[in-house]
Amino acid sequence: INQIDPAEAVTITFLVTINTPWPSGVAHVENQGFVTAGNLDDTTPTDDPDTPDPNDPAGTDIAAGSIGDFVWHDENRDGVYNPGETPLPGVRVEIWIYNAGAGDYVYLRDDTTNGSGNYLFEGLSVGEYQVRVDETTLPWGAALSAGTDPHDVSLGPDEDYLDADFGYRTAL
């Protein structure tokens, strides 16, 4: 760029790539640049043109999704939730994300099923996840009869995957 006249405006566009895994729970990022030049005493912050505030950062919403659903007692052992079967509250469910750098899944966080047997992980970025049940938190000796543990999920942009269900039968 040659010298810019005092009343002249210049637009500079750049692309930023943020590698996954995205920090859990983060759904918004703000970018702030600074302009410097040899004849300026200070740096000048860039401005988001979509807001009236001067010198404020530009914000970007990140495509965030969720994974969750249901843990229950598969009383008739058919591998399908049937009306009247008991939800399992107080079960610890973990979510793990695939980290290509590590070549494996890494733990993100956990949730505990509520009184209706439901759990939900929100604010998730696009990526490969595993949902795992901590079987030591089941209320009795149990065997998985519905779903897979770990349950693999490939989450897309703004996707809400609510089919990571786990049914447990009484162990024989």
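Everything below is about the structure shown above.
The model shown is predicted, which means the values in this text are computed figures rather than measured ones.

Caption draft 1: Layout of the overall build of the protein. Secondary structure summary: the protein contains zero helices and 13 strands in total. Relative to all contacts within the protein whose residues are 6 or more apart in sequence, the contacts with residues 24 or more apart total 61%. Carbon together with sulfur atoms contributes 50% to the accessible area of the protein, which is approximately 10600 Å² in total.

Caption draft 2: Spatial organisation of unusual backbone geometry. Here D149 and P150 are connected by a cis peptide whose omega angle stands at 10 degrees. Checked against the element boundaries, P150 lands in the loop between β10 (142–146) and β11 (151–155). Although it is not a glycine, D69 adopts a positive phi angle of roughly 155 degrees. Phi at D158 is positive, roughly 55 degrees, even though this residue is not glycine.

Caption draft 3: View of the sheet that holds strand β6 (residues 92–99). Ordered in space as β7-β6-β9-β11, the four strands form an open sheet in which the pairing is antiparallel. Of all the strands in the sheet, just β7 (104–112) and β11 have a single pairing partner and so form its edges. For this sheet the average axis-to-axis angle between neighbouring strands, irrespective of direction, equals 25 degrees. In the sheet, β6 pairs with strand β9 (residues 127–133) via five bridges, with the strands oriented antiparallel. In the sheet register, I95 faces β9, and the bridge partner there is V131.

Caption draft 4: Spatial organisation of the packing of aromatic side chains. Summed over all chains, the structure comprises six aromatic pairs. Arranged with centres 5.6 Å apart and planes meeting at 10 degrees, the rings of F70 and W72 form a pair that is stacked. Each member of the pair, F70 as well as W72, carries the same accessibility label: buried. On the numbers, 5.7 Å between centres and 85 degrees between planes, the contact of W72 with Y81 is edge-to-face. Looking at Y81, the relative accessible area reads 37%, which means it is partly exposed. Site record: aromatic cluster; members linked through ring pairs are F70, W72 and Y81. Looking at R132, its charged tip hangs above the ring of W96, at a distance of 3.8 Å from the centre.

Caption draft 5: Molecular detail of the side chain of D134. For D134, the position within the fold is in the loop between β9 and β10. There is a polar contact of 2.5 Å between the side chain of D134 and the side chain of T136.

Caption draft 6: Representation of the pairing of β7 within the structure. Relative to β7, β6 runs antiparallel, the two being bridged by eight bridges. Bridged to I97 within β7 is V106. The turn joining β6 and β7, which pair antiparallel and follow one another in sequence, is formed by four residues; a positive phi near 70 degrees is taken by G103.

Caption draft 7: Representation of the nonpolar core within the structure. Counting 19 residues, the largest nonpolar core has I67, V71 and Y119 as its most contacted members. Ignoring any residue separated from it by four or fewer positions in sequence, one finds Y119 in contact with I67, G68, D69, F70, V71, V93, D111, T113, V131, A164 and F166.

Caption draft 8: View of the environment of E128. By the secondary structure assignment, E128 is in strand β9. The class for E128 is partly exposed, based on a relative accessible area of 38%. Expressed as a C-alpha distance, the spacing of E128 and N99, which sit 29 residues apart in the sequence, is 8.5 Å. Here the side chain of E128 touches S154 through a polar contact of 2.8 Å, side chain to side chain.

Calculation criteria
- Residues numbered from 1 in each chain as written.
- Predicted model: local features only at pLDDT ≥ 70, side-chain atom pairs only at ≥ 80, totals over all residues.
- Heavy atoms only, no water.
- Helix = DSSP H or I, 4+ residues; strand = E, 2+ residues; numbered from the N terminus.
- Contact = heavy atoms within 4.5 Å.
- Areas by Shrake-Rupley, 256 points an atom, 1.4 Å probe, with all protein chains shown as cover.
- Pairing = 2+ DSSP bridges.
- Axes fitted to C-alpha atoms, helices over the stretch in contact; angles between N-to-C directions.
- Phe/Tyr/Trp six-rings, centres within 6.5 Å; stacked < 30°, edge-to-face > 60°.
- Buried < 20%, exposed > 50% of the residue type's maximum accessible area, 1.4 Å probe, protein only.
- Lys NZ or Arg CZ within 6 Å of the ring centre and 35° of its normal.
- Polar contact = N/O pair within 3.5 Å; in protein donor to acceptor, adjacent residues only side chain to side chain.
- Core = buried A, V, L, I, M, F, W, Y, C linked by side-chain atoms within 4.5 Å.

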